[in-house]
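Structural characterization, general
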Amino acid sequence: MFAIKTVQPMHRSLRVLAGLLTYPDPRMRQHLAEMRELLHDEGAVSASRRHEIEVLIDRLRRAEPLQAEADYVELFDASRSTSLHLFEHVHGDSRERGPALIDLGQTYERAGLLLVEGELPDYLPAVLEFVSTQPAREAKAFLGEMSHILNSIFNALRKQRSAYASVLGALIELAGEQAHPVEPTPDAPLDESWEEPPVFDGCSTQGQARPGTPQPIHVVRKSAQTGAST
């Protein structure tokens with residue numbers, strides 16, 4: 001994304017929302033606590049929506065790093081309906097996408113902003129960082145112009161009961177529109193997911209047969225000389 005030195009004070013929430021939509025690598029996750037504080041201190045996002053976003057933040061903080069990254073790729077890169085590249089929703093793979101990307105990139109340049117190498121102009125976190133540098137009225141108008149795309153992604157994420165939908169819901173509301181509450185899929189209870197089967201003491205039940213169902217076993221032959229399994 002951009003290397004931005006100054007941000008409009010009212011728009012720090014946009015920077016946080018942009019950050020939450022980026023790839024959850026170690027550098028991103030180490031700022032999660034700060035993101036939570038900034039959202040709370042600025043107060044631009046409603047309390048109910050902040051609570052939903054905090055669910056996402058907590059999940060990212062607790063998740064295994066590789067799993068968080070894999071989940072992100074599966075959610076946003078495997079389906080066009082949840083893609084964070086906005087022109088995917090408007091132009092798809094048509095020839096019109098190229099000129100639209102050039103025009104948007106030139107918009108950034110006129111504002112004195114340069115994209116990080118390899119980043120496309122229509123990547124939503126990059127768009128939000130640009131919007132965060134604009135005066136409040138222009139920022140809200142810019143969000144309003146793309147609200148139909150935000151709504152499309154929001155609804156696709158809600159269908160999957162993804163906690164990431166809360167971020168899109170916040171953006172829609174900052175554009176002056178209404179978005180439905182988000183009910184992400186609840187985490188599996190720890191006592192169920194890590195219950196110790198009586199035979200396999202200390203193992204998770206994930207991947208094991210449940211009580212009352214056959215438990216597969218494997219028979220191996222021992223070497224007569226070494227006593228080792230073969």
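Sequence positions are assigned chain by chain, starting from 1 and proceeding in written order. Side-chain atom pairs in this predicted model are given and counted only at pLDDT of 80 or more, local residue features only at pLDDT of at least 70, and totals for whole chains, interfaces and linings cover all residues. Remark: hydrogens and water are excluded; side-chain values derive from all non-hydrogen atoms of the structure.

Once that is clear, we can look at the overall build of the chain. Working definition: helices are DSSP H or I runs of at least four residues, strands are E runs of at least two. Numbering for both runs from the N terminus. Of the regular secondary structure elements, the chain holds twelve helices and zero strands. In sequence order, the chain lays out its α and β elements as α-α-α-α-α-α-α-α-α-α-α-α. In this scheme, a residue with accessible area under 20% of its type's maximum is buried, one over 50% is exposed, and one in between is partly exposed, where area comes from a 1.4 Å probe on protein chains only. The burial tally for the chain puts 39% of its 230 residues in the buried class. Considering only intrachain contacts with a sequence separation of at least 6, the fraction spanning at least 24 residues in the chain is 59%. In these tables, accessible area is a Shrake-Rupley quantity obtained with a 1.4 Å probe, and a residue counts as shielded only by the protein chains included in the view. Summed over its atoms, the accessible surface of the chain is roughly 14100 Å², and 52% of this surface lies on carbon and sulfur atoms. A contact between two residues is defined here by any heavy atoms of the two lying within 4.5 Å.

Next up on the list: the nonpolar core. In globular proteins that are soluble, nonpolar side chains generally tend to be buried together. Grouping buried Ala, Val, Leu, Ile, Met, Phe, Trp, Tyr and Cys residues that are joined through side-chain atoms within 4.5 Å yields what is termed a nonpolar core. Residues Leu-20, Leu-21, Leu-124, Leu-128, Tyr-164, Leu-168 and Leu-171 are the most contacted members of the largest nonpolar core, which totals 53 residues. Setting aside anything within four residues of it in sequence, one finds Leu-128 in contact with Leu-14, Leu-17, Ala-18, Leu-21, Leu-143, Met-146 and Leu-171.

A word on the confidence of the model for the chain. Across the chain, each position has a pLDDT score giving the predictor's confidence in that residue, from 0 to 100. Mean pLDDT over the chain stands at 81; residues scoring 70 or higher make up 75%. Under a pLDDT of 50 for its full length, residues 189-211 has, in the predicted model, 21 contacts with residues more than four places off or in other chains. Taken together, the stretch residues 223-230 has pLDDT below 50 and engages in nine contacts with residues farther than four places along the chain or on a different chain.

This brings us to the environment of Ala-70. Structurally, the position occupied by Ala-70 is in helix α5 (residues 65-76). Each C-alpha atom of the pair Ala-70 and Tyr-23 lies 9.7 Å from the other, and the pair is 47 residues apart in sequence.

As a further point, take helix α3 (residues 32-42). Of all the positions in α3, only Leu-32, Met-35 and Leu-39 are classed as buried. Projection of α3 onto a plane perpendicular to its axis shows the buried side chains occupying an angular sector of 55°, all on one side. When the buried face of α3 is taken as reference, the exposed residues oriented beyond 90 degrees from it are Glu-37 and Asp-41. Contacts made by the buried residues of α3 are with α1 (12-20), α2 (26-29) and α4 (47-62). Gly-43 sits one or two positions beyond α3 and adopts a positive phi of about 75°. The arc under discussion is defined with respect to the helix axis, by the directions toward the C-beta atoms.

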